[in-house]
Amino acid sequence: MNSLNNVIPNSVNKAALPKIALIAEGGGQRGIFTAGVLDAWLEQDYDPFDLFIGTSAGSQNLTSFLARQKGYAKRLIRGLSRNKNFFQLGRGLIGKHIMDLDWYFDKTTEVNRSLDFKTAKSNLGDRELLITATNSRDRKPYFLAPTGESKQWRELLKASSALPFLYKQGVKLTPWMNTLAANEAELALEQVEPAIADFYLDGGLAAPLPVREAYNRGARKIVVIRTVDINFQVQSAWVNKLRAFVRASGYCPKTIDYLLQHEQAYQEELEFIANPPEDVEIIQIFATEKLHSKLLGSSDNDLRFDHKLGLQAGRAYLAEQNPQIWDHSHNQALQYCYN
């Protein structure tokens, strides 16, 4: 297991109080469903969580949720992710990024699109936010914590969303791979150095659905917002889309290797969810019907539709939950598709 994966030793986890975790799955533009769920929760100031883990688009959604910027993620997905400056398949033929994350995140520094990192850090408090990324050298998942400084936080979000083939070699996170950013607490115990010069890619490659990670960090109630259909078992939507891009271009067998790694990691997480330990409650939130949006190339109408599905699912979840009471006797894994 990678030295950066588990900041808190297992012995500490077991002694600590049980945590409530929120996991936001990736999925590109399909993340607008997650944005709807979180917007519904922001309407009611619902935030009982101790641990947040976001993958790819999910990490952006969790950041805007902590910033209390209702509607922010919806606006960026409908606007920036559909802009021709963001995605052009033909750019790959001239050696440029097909998916220009540099342009996208530069836009989030503008006044009317600014992510409020200061508020997000304040609302996070002593809780923990982990942003997943995949190290391009060892291909293992890393769970990175923002320091609160806006440029560093933004680069972690970029790395978590940097799909291979679409965004070249990934994001070089130096000089931010410091103690807090890299969750280096356990590194000190193992007396190893972080690979500070490495490039980092989309967290969904190695940690597509980090439920086990939340459990290992002490979470005993885990809420997972999904961006796939409820009957999904093998391949996620963005993998199918990326596979099509790669095959059409005849590009880079290494990218196919990443996709195979993703599928294996995803299957392992699904098996954990299907057969969880007795002391954990796992709640999955799915859309009540098939999402219309895709990884990329969704219409504005499809995105609006999926955001509404997210709002409905988020409100239905709140109607089923009493945030003041958590019954620790629940030992089964629950799966909800809210009406």
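Residues numbered from 1 in each chain as written. Predicted model: local features only at pLDDT ≥ 70, side-chain atom pairs only at ≥ 80, totals over all residues. Heavy atoms only, no water.

A. Representation of the overall build of the protein in the model. Within the protein, the regular secondary structure consists of 12 helices and nine strands. Per-residue burial for the protein yields a buried fraction of 57% across its 339 residues. Residue pairs in contact within the protein that sit at least 24 positions apart in sequence constitute 81% of those at least 6 positions apart. (Helix = DSSP H or I, 4+ residues; strand = E, 2+ residues; numbered from the N terminus. Buried < 20%, exposed > 50% of the residue type's maximum accessible area, 1.4 Å probe, protein only. Contact = heavy atoms within 4.5 Å.)

B. Inspection of the pattern of salt bridges at higher detail. The final tally for this structure, using the stated rule, is 19 salt bridges. A salt bridge links Glu 269 to Arg 212; its shortest N-O distance comes to 3.0 Å. Remark: Arg 212 occurs in helix 9 (residues 211-216) and Glu 269 occurs in helix 11 (residues 253-274); sequence separation between them is 57 residues. Of the charged contacts in the structure, one is a salt bridge between Asp 300 and Arg 304, with a shortest N-O distance of 3.1 Å. (Salt bridge = Lys/Arg side-chain N within 4 Å of Asp/Glu carboxyl O.)

C. The arrangement of the environment of Gly 125 in detail. Locating Gly 125 in the fold gives a position in the loop between helix 6 (117-124) and strand 3 (128-135). By relative accessible area, which is 44% here, Gly 125 ends up partly exposed. Placed 75 residues apart in sequence, Gly 125 and Asp 50 show a C-alpha to C-alpha distance of 9.9 Å.

D. Layout of the side chain of Lys 158. Following the sequence through the fold, Lys 158 ends up in helix 7 (residues 150-160). Here the side chain of Lys 158 touches Asp 102 through a polar contact of 2.9 Å, side chain to side chain. In this structure Lys 158 touches Leu 101, Asp 102, Phe 105, Tyr 167 and Val 171, once residues within four positions along its chain are discounted. (Polar contact = N/O pair within 3.5 Å; in protein donor to acceptor, adjacent residues only side chain to side chain.)

E. View of unusual backbone geometry. One non-glycine residue, Asp 45, lies in positive phi territory at about 55°. By the element assignment, Asp 45 lies in the loop between helix 2 (31-43) and strand 2 (51-54). Phi at Ser 56 is positive, roughly 55°, even though this residue is not glycine.

F. Main features of helix 3 (residues 57-66). Burial analysis of helix 3 places 10 of its 10 residues in the buried class, which makes it a mostly covered element. Taken as a whole, helix 3 has its buried residues at Ala 57, Gly 58, Ser 59, Gln 60, Asn 61, Leu 62, Thr 63, Ser 64, Phe 65 and Leu 66. Positive backbone phi, at 60°, marks Arg 68, one or two positions downstream of helix 3.

G. Main features of the packing of aromatic side chains. Considering all chains together, one arrives at 12 aromatic pairs under this definition. Judged by centre distance (6.1 Å) and plane angle (70°), the ring pair of Tyr 46 and Tyr 317 falls under edge-to-face. Of the two residues, Tyr 46 is situated in the loop between helix 2 and strand 2 and Tyr 317 in helix 12 (residues 300-320); the sequence distance between them amounts to 271 residues. For the pair Tyr 46 and Tyr 317, a shared accessibility class is recorded, and that class is buried. Put simply, the rings of Trp 41, Tyr 46, Phe 49, Phe 52, Phe 65 and Tyr 317 pair up and form one aromatic cluster. Sitting above the plane of the Phe 65 ring, Arg 68 keeps its charged end 5.3 Å from the centroid. Between the NZ or CZ atom of Arg 220 and the centre of the ring of Tyr 215, over which it lies, the distance is 3.8 Å. (Phe/Tyr/Trp six-rings, centres within 6.5 Å; stacked < 30°, edge-to-face > 60°. Lys NZ or Arg CZ within 6 Å of the ring centre and 35° of its normal.)

H. The packing of helix 4 (residues 72-79) against helix 12, seen in detail. Running from N to C, helix 4 and helix 12 point in directions that differ by 160°, and their axes come no closer than 10 Å. Classified by the angle their axes make, helix 4 and helix 12 are roughly antiparallel. The element helix 4 and its partner helix 12 pack so that their crossing is right-handed. Contacts from Lys 74, Ile 77 and Arg 78 of helix 4 reach helix 12 at Asp 300, Leu 303, Arg 304 and His 307. Split by residue class, the contact of helix 4 with helix 12 holds two nonpolar, one polar and four charged. (Axes fitted to C-alpha atoms, helices over the stretch in contact; angles between N-to-C directions. Parallel < 35°, antiparallel > 145°, perpendicular 65-115°, else oblique. Left-handed = near helix turned anticlockwise from the far one by under 90°. Nonpolar A, V, L, I, M, F, W, Y, C, P; charged D, E, K, R; others polar.)

I. Geometry of the pairing of strand 1 (residues 19-24). Among the six residues in strand 1, six count as buried, and that is most of the element. Side chains Lys 19, Ala 21 and Ile 23 project from strand 1 onto one buried face, and the interleaved Ile 20, Leu 22 and Ala 24 project onto a second face that is buried too. As paired strands, strand 1 and strand 7 (residues 219-225) are joined by six bridges and run parallel to one another. Note that in strand 7 the partner of Ala 21 across the bridge is Ile 222. The sheet contact formed by strand 1 and strand 2 spans four bridges and is parallel. In the sheet register, Ala 24 faces strand 2, and the bridge partner there is Gly 54. (Pairing = 2+ DSSP bridges.)

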